[in-house]
Amino acid sequence: MLHEIVSDQGLVVNVAERGAELNRIFDSREGVDYLWDANPEIWARHAPVLFPFVARLWEGKYEYKGIQYEMTAHGFAPTSDFCVDAKTSDSITLSISGVRDNWPFDTKFSVTYKVVGKTLDVTYKVDNRDSKTVYFAIGSHPGFNVPLEKGLSFEDYYAYFPESGDVNKVIFSERVFDSGERVKVELPDHKIALRHDLFDNDAIVMDNTGSVVVIRSDKGRHGVEVRYPNTHWCALWHKVKMQAPFVCVEPWSSLPARDGQLVDVETKGDLIALAPGASYEQKLIITVF
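Residues numbered from 1 in each chain as written. Predicted model: local features only at pLDDT ≥ 70, side-chain atom pairs only at ≥ 80, totals over all residues. Heavy atoms only, no water.

J.: I'm lost on the pairing of strand E20 (residues 212-217) in this one. Help?
T.: Successive residues of a regular strand alternate their side chains across the two faces of the sheet. With five of six residues buried, E20 lies mostly within the body of the structure. Alignment of strand E15 (residues 157-160) against E20, held across four bridges, turns out to be antiparallel. Residue Tyr-157 lies in a different strand from E20, and its bridge partner there is Ser-217. Of the pairings in the sheet, the one linking E20 to strand E21 (residues 224-227) comprises four bridges and is antiparallel in character. In the sheet register, Ile-215 faces E21, and the bridge partner there is Val-224. Counting the residues between successive antiparallel strands, the hairpin from E20 to E21 contains six residues. (Buried < 20%, exposed > 50% of the residue type's maximum accessible area, 1.4 Å probe, protein only. Helix = DSSP H or I, 4+ residues; strand = E, 2+ residues; numbered from the N terminus. Pairing = 2+ DSSP bridges.)

Pasting the structure below:
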């Protein structure tokens, strides 16, 4: 089921119960659709919510207290049916909770979407309702249309990281796991010019990018600003080796598994460790123009 929320400035956002996934970000006053339409011939998703893991686990498994559990890439959230906890004209909160066959932790995972003006504010929240520490990751995966205006091309756009420092790229193995290697990336004027072949080897995953990226073109009026204030890594992606007319901005709290290594959640250092009874929040703030 789809739910619609609308801001006082005509920003229309549609959210599905399946995966708590954004299905549309539409500026009704400008007539601009910002979110990818999930064309199944290219990529049949809009903006998956990633929990309790980001990306791939070696052999699709992880370990906790000596027991192995199976888990698909990006966790179970993208394919789960969420419950609607609360809804108003401009906000909605959805959640999933409890222990699962592949998740031995009693948690509640909530996603709240709120529109204000031309901004969509997203809050991911994890409540640990268990008597033991829970280990997890959260990631965002919204795909934005590029180009956003007629007469422009994909290559007219760039990703601008105004707060970036010494940026390092995570090098993937041939099987698209973390190789452990890092390579310094030069960002002239804090920018990455978009080209389709950037993604021939899958996502570009970086650290030290700061907490904001803007997708825009100097030849057009419209673009998207994405803020991720408490997320360590940021990835850019579109479908591998395709002329795909979108780009995903993916703030991640953790990385994929190392190639050939089974993940033990208690020792994988980039997972969030949440004590019994505690809560954790992660933000994503999308502003369109």
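There's more to say after this.
J.: So what exactly am I meant to see when it comes to the state of the cysteines here?
T.: Any covalent bond linking the sulfur atoms of two cysteines counts as a disulfide. The final tally for this structure, using the stated rule, is zero disulfides. Of all cysteine sulfurs in the structure, the one in Cys-248 sits closest to Cys-234, which takes part in no disulfide; the separation is 11 Å. (Disulfide = S-S within 2.5 Å.)

J.: Looking at this model, I keep getting lost on the sheet that holds strand E4 (residues 32-33). Mind explaining?
T.: Working definition: the strands of a sheet are paired by backbone hydrogen bonds and lie parallel or antiparallel to each other. Taken together, four strands build an open sheet; the order of strands is E1-E2-E3-E4 and the sheet is antiparallel. Every interior strand has two partners, whereas the edge strands, strand E1 (2-6) and E4, have only one. Pairing of strand E2 (residues 11-16) with strand E3 (residues 22-27), which is carried by five bridges, proceeds in the antiparallel orientation. Counterpart to Val-13 in the pairing with E3 is Ile-25.

J.: Where do I start with empty space enclosed by the protein in this structure?
T.: Sizing a probe to match a water molecule and rolling it over the atoms shows the empty space that remains. What the rule picks out here adds up to three cavities of 30 Å³ or more. The calculated volume of the largest cavity comes to roughly 50 Å³. Surrounding the largest cavity, Leu-22, Ala-47, Pro-48, Val-49, Tyr-113, Val-122, Tyr-124, Ser-140, His-141, Pro-142 and Leu-284 form its lining. Residues belonging to the lining of the largest cavity are distributed by class as follows: nine nonpolar, two polar and no charged. (1 Å grid on protein atoms, 1.4 Å probe; cavity = no way out; pocket = protein on both sides within 12 Å on 5 of 7 lines; lining within 4 Å. Points joined across faces, edges and corners; volume = space filled by probe spheres on them. Nonpolar A, V, L, I, M, F, W, Y, C, P; charged D, E, K, R; others polar.)

J.: Can you help me understand the pattern of salt bridges in this one?
T.: Pairing between side chains becomes possible if they bear opposite charge and their charged atoms approach one another. All chains considered together, the criterion is met by 19 salt bridges. A salt bridge links Arg-195 to Asp-197; its shortest N-O distance comes to 2.9 Å. Accessibility expressed as a relative area gives 40% for Arg-195, which makes it partly exposed. Here Asp-197 falls in the partly exposed class, since its relative accessible area comes to 44%. (Salt bridge = Lys/Arg side-chain N within 4 Å of Asp/Glu carboxyl O.)

J.: Sorry if this is basic, but what is going on with the pairing of E3 here?
T.: Two successive antiparallel strands, E2 and E3, enclose a turn made up of five residues, where Gly-19 displays a positive phi of approximately 75 degrees. Connecting E3 to the antiparallel partner E4 that follows it, the hairpin turn spans four residues, and Gly-31 within it adopts a positive phi of roughly 75 degrees.

J.: Looking at this structure, I do not really get the packing of aromatic side chains. What am I missing?
T.: Per the stated rule, a full pass over the model turns up 18 aromatic pairs. Plain terms: the ring middles of Phe-51 and Trp-103 are 6.0 Å apart, the flat faces sit at 70 degrees to each other, and that makes the pair edge-to-face. You can see Phe-51 sitting in the loop between strand E5 (49-50) and strand E6 (61-64) and its partner Trp-103 sitting in the loop between strand E9 (91-97) and strand E10 (107-116), a full 52 residues away along the chain. Residue classification places Phe-51 among the buried residues on the basis of a relative accessible area of 1%. Of the residues examined, Trp-103 reaches a relative accessible area of 0% and is grouped as buried. Positioned over the ring face of Phe-26 is Arg-24, at 4.0 Å from the centre of the ring. The cationic tip of Arg-100 hangs over the ring face of Phe-76; the distance from NZ or CZ to the ring centre is 4.1 Å. (Phe/Tyr/Trp six-rings, centres within 6.5 Å; stacked < 30°, edge-to-face > 60°. Lys NZ or Arg CZ within 6 Å of the ring centre and 35° of its normal.)

J.: Before we go on, may I ask you to explain the nonpolar core in this structure?
T.: Note on soluble globular proteins: their nonpolar side chains tend to be buried together. Ranked by internal contacts, the top residues of the largest apolar core, which has 95 residues, are Ile-25, Phe-109, Tyr-113, Phe-136 and Phe-161. Not counting residues up to four positions away in its chain, the partners in contact with Ile-25 are Leu-11, Val-12, Val-13, Val-32, Asp-33, Tyr-34, Leu-35, Leu-120, Phe-144, Ile-286 and Val-288. (Core = buried A, V, L, I, M, F, W, Y, C linked by side-chain atoms within 4.5 Å. Contact = heavy atoms within 4.5 Å.)

J.: Which parts of the structure should I look at to understand unusual backbone geometry?
T.: The general pattern is negative phi for most residues beyond glycine and trans for most peptide bonds. The omega torsion of the bond from Phe-51 to Pro-52 falls at 5 degrees, within 30 degrees of zero and hence cis. Here Pro-52 shows up in the loop between E5 and E6. Here His-74, not a glycine, exhibits a phi torsion of approximately 70 degrees, which is positive.

J.: I tried to follow the environment of Ser-253 on my own but got confused; where do I start?
T.: Summarising the element assignment, Ser-253 is placed in the loop between strand E23 (246-252) and strand E24 (263-264). Counting along the chain gives 230 residues from Ser-253 to Asn-23, while the straight-line C-alpha distance between them is 23 Å. From its side chain, Ser-253 meets the backbone nitrogen of Ile-138 in a polar contact 2.9 Å long. (Polar contact = N/O pair within 3.5 Å; in protein donor to acceptor, adjacent residues only side chain to side chain.)

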